[in-house]
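Structural overview for review
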Amino acid sequence: KDLGPGYQEKYYQRAVAFALRKNNLNLEEQVPILLQYDNKFIGRYFLDFLVDDTVILEIKKGDYFRTQNIDQVVGYLKAKNLNLGLIANFTKDGVRTKRIINLD
C-alpha cells in the first residue's frame, strides 16, 4: 500500500518479499512446481511466494480479481497439494486480497 498505484508487478513482489522477511516470515520466491501426467513431465509453474511451506501468495496488479488468476492459484494449490492460497491485488485504492481454498 505504501508504494501506491502505477508500478509494475515485479516491484510490488519485491516490496512484499521485503515486508514478509522484515516480519520474520519464512518464504520462498519463484518456487518451481513440476507438472506431470502419466509420469511424464508436461510443464512447470512458478509460484510468486510460498509462505511457511503452507500458503501460496500470488501478487497481481489491477482492480479486479480475474477468473484466470483465481484458476491459476487453484491449479497451484492442486499441483503443490496445499489448501490455502492468497491473491494480493495492488489497486489504485490500495491492496485487496482474496482467499482461495483447495477443496480437493
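Each value, and the rule that gives it
- Residues numbered from 1 in each chain as written.
- Predicted model: local features only at pLDDT ≥ 70, side-chain atom pairs only at ≥ 80, totals over all residues.
- Heavy atoms only, no water.
- Patch = residues over 30% accessible without salt bridge, like charges linked within 9 Å, V, L, I, M, F, W, Y side chains within 5 Å.
- Areas by Shrake-Rupley, 256 points an atom, 1.4 Å probe, with all protein chains shown as cover.
- Salt bridge = Lys/Arg side-chain N within 4 Å of Asp/Glu carboxyl O.
- Helix = DSSP H or I, 4+ residues; strand = E, 2+ residues; numbered from the N terminus.
- Buried < 20%, exposed > 50% of the residue type's maximum accessible area, 1.4 Å probe, protein only.
- Expected span 1.5 Å × (residues − 1).
- Contact = heavy atoms within 4.5 Å.

Moving on to a nonpolar patch on the surface. Together, Leu3, Tyr7 and Tyr11 give the surface a local cluster of nonpolar side chains, amounting to about 270 Å² of exposed area. Here Tyr7 is to be found in the segment before helix H1 (9–22). Residue Tyr7 is classed as partly exposed on the basis of its relative accessible area of 36%.

Another point: the pattern of salt bridges. Within this structure, the stated rule accounts for four salt bridges. The salt bridge involving Lys60 is made with Glu58; its shortest N-O contact spans 3.8 Å. Taken as a pair, Lys60 and Glu58 share a single burial class, namely buried. For Asp104, the salt bridge identified is with Lys78, shortest N-O distance 3.1 Å. Highlighted residues: Asp104 in the segment after strand E5 (94–101) and Lys78 in helix H2 (residues 67–80), separated in sequence by 26 residues. Classification of Asp104 as exposed rests on a relative accessible area of 67%.

Looking now at H2. Residues separated by three or four positions in an α-helix point in the same direction, a consequence of the helix having 3.6 residues per turn. When the terminal C-alpha atoms of H2 are compared, their 20 Å separation across 14 residues agrees well with the 20 Å that a helix rising 1.5 Å per residue should span. Residues of H2 that are buried: Asn69, Val73, Gly75, Tyr76 and Leu77. In this structure, the buried side of H2 is in contact with strand E1 (27–37), strand E2 (40–51), strand E3 (55–61), strand E4 (84–91) and E5. Looking one or two places after H2, you find Asn81, whose phi comes out positive at around 60°.

Further remarks concern unusual backbone geometry. Not every positive phi belongs to a glycine, and Asp38 is a case in point at roughly 55°. You can see Asp38 is positioned in the loop between E1 and E2. Here Asn81, not a glycine, exhibits a phi torsion of approximately 60°, which is positive. Assignment of secondary structure puts Asn81 in the loop between H2 and E4. Looking at Asn81, the relative accessible area reads 65%, which means it is exposed.

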